[in-house]
Each structure stands twice: as structure tokens, then as C-alpha cells.
Amino acid sequence: MDVLDRLVVATDSDEVAEVCRREGAEVMLTSPRHGSGSDRAWEVAVRLGAAFDVVVNIQGDEPLVAPEVVKAAVSMVEAGFDAGTCATPVRSWEELADPSVVKVVRTTAGSALYFSRAGIPYNRGASTEDLLKGGHLRHVGVYAYRLEALGRWVGFGRSPLERAEGLEQLRALENGMRIGVAIVAAAADGVDTPEDLLRMERRLRTGIPV
């Protein structure tokens, strides 16, 4: 992925680390006590001791993330937000209702208002046509941060809303950080359930979307 100057796989699994090393990837074993990907990314950034302009955290449940999505997240940091991420339009009522699919609402300026596993915003009497206009957004698990902002994020510790929803980005919002949400036309599906994993394995073996 040419958008990144350096790519490090951060994991607390010896098995994952060994597989990545066999494929020629740079790997760093991290603490097993991290509660979120941002905490793990911070450990790596501190241990590397480099003056990164932007730190990007690509979640392991987004194996097919495209370079354009990463660039869009980084662009929000370059625009002045504390952190950047991405969202894409929800494609069906089933996706909107699925708690494994994280939804986000944002301001007209692009700043995240809230992330939830619930179908937000609630739209009374909405039709399928309304849904397909793009009013509901699915969050894509990619984050970009300035190093200083990442340090503040992890320094807050887990917050009440983060614990309630199981979403680390709520920690940042609860503590007044601004997360810019870039809209991308489409994004590959993530892996959030055992069924998602089976579909992804079939796709990777065959090269055919399922």
C-alpha cells in the first residue's frame, strides 16, 4: 500500500506474528492487555520512537481495505481534525439493524457526532428509497491520528459510552476530541461475525465476492 511509509503488524499472538513474518511483514508483539486498537497502535508508535506525521491504525477486521480509504482517513487529519476515519452508505435495512455493523452520524462539517451499533439516525417512516439516498452511514474501521492526538486518546482510559457500545472511538468523543469522518462511495466488508469470517475466507481463496 503506497500510501504508507511504513507498515507494522501489531499483535499479541505468537501464531499471527509467525504467519506474518513468513510473508515478509514487519511484526511487533504487543501487550495482551490492550482494550482497543488505538492502545495497541500507541504502544507501537512509542516503541519505534519515530517522529511520524500521521499514525494510521487499520483494524484487523478490515482485511480488504483499499488505499483510497486510508487516504481519505488521513485527509481528515490533514484538514485539522484530531483524528480521521471513514464511512460509506448503508446498503440495506438488514445492515442498518445489524449490531455488528457500526453506524455513524456526523455534522455538516464532517465531524463525528456519535457512533453506535444501533440504527442511527432513527428515521420515522423512511422508505427503501430514502435509505439508498445515503442518509445512513456505515463506519469503516480505519483511523488516522497525529501522534500527539493518539497519545491523548489512549491517555483518557476507557469511557462509559465506550464500555456500553464496545466502541473505542466513543472514548475520544466523550473527552471532546474531534473525529473527522470522510465519506467514501464504497468500502469492502469487514469481518465482524463468524459468518463474515467464512465469507471472507471463501473470497480470499476464490477471488470471487460472496
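Residues numbered from 1 in each chain as written. Predicted model: local features only at pLDDT ≥ 70, side-chain atom pairs only at ≥ 80, totals over all residues. Heavy atoms only, no water.

Enquirer: Describe in detail unusual backbone geometry, supporting the description with residues and values.
Expert: The residue after Ile120, namely Pro121, is reached through a cis peptide bond having omega -10°. By the element assignment, Pro121 lies in the loop between strand E6 (112–116) and helix H5 (128–135). (Helix = DSSP H or I, 4+ residues; strand = E, 2+ residues; numbered from the N terminus.)

Enquirer: So what's going on with the nonpolar core? Which residues, and what values?
Expert: By size, the foremost hydrophobic cluster in this structure holds 23 residues, and its most contacted members are Val104, Ala112, Phe115, Tyr145, Trp153 and Ile179. Mapped onto this core, the elements with two or more residues apiece are helix H2 (37–48), strand E4 (83–89), E6, strand E7 (137–145), helix H6 (147–155), helix H8 (169–174) and strand E8 (179–183). In this view, Ala112 contacts Val104, Val105, Arg106, Leu173, Ile179 and Val181; residues no more than four positions away in its chain are not counted. In terms of nonpolar packing, the next biggest core, distinct from the first, is built from 17 residues, Leu4, Ala72, Met76 and Ala182 among them. (Core = buried A, V, L, I, M, F, W, Y, C linked by side-chain atoms within 4.5 Å. Buried < 20%, exposed > 50% of the residue type's maximum accessible area, 1.4 Å probe, protein only. Contact = heavy atoms within 4.5 Å.)

Enquirer: Tell me about the pattern of salt bridges, and name the residues and values.
Expert: For the structure on display, the rule yields 10 salt bridges. Of the charged contacts in the structure, one is a salt bridge between Glu26 and Arg6, with a shortest N-O distance of 2.7 Å. Here Glu26, found in strand E2 (residues 26–29), pairs with Arg6, found in the segment before strand E1 (8–11); they are 20 residues apart in sequence, far enough to count as distant. Relative accessible area serves as the criterion here: at 43%, Arg6 is assigned to the partly exposed category. Glu95 is the salt-bridge partner of Arg138, the closest N and O atoms lying 3.8 Å from each other. One end of the pair, Arg138, is in strand E7; the other, Glu95, is in helix H4 (residues 93–97), with 43 residues separating them in the sequence. It is possible to trace a salt-bridge network through shared partners that takes in Asp39, Arg158, Glu162 and Arg171. (Salt bridge = Lys/Arg side-chain N within 4 Å of Asp/Glu carboxyl O.)

Enquirer: With reference to specific residues and values, describe the confidence of the model for the protein.
Expert: Low pLDDT marks regions whose predicted coordinates should not be analysed in detail. Of the residues in the protein, 91% reach a pLDDT of 70 or more, and the chain-wide mean stands at 88. Model confidence for the protein, summarised as mean pLDDT per element, is weakest for H5 at 67 and strongest for E6 at 98. (pLDDT = per-residue confidence, 0-100.)

Enquirer: Tell me about the side chain of Ser36, and please be specific about residues and values.
Expert: Turning to its location among the elements, Ser36 is positioned in the loop between E2 and H2. Residue classification places Ser36 among the buried residues on the basis of a relative accessible area of 8%. Setting aside residues no more than four positions away along its own chain, Ser36 makes contact with Glu162, Glu168 and Arg171.

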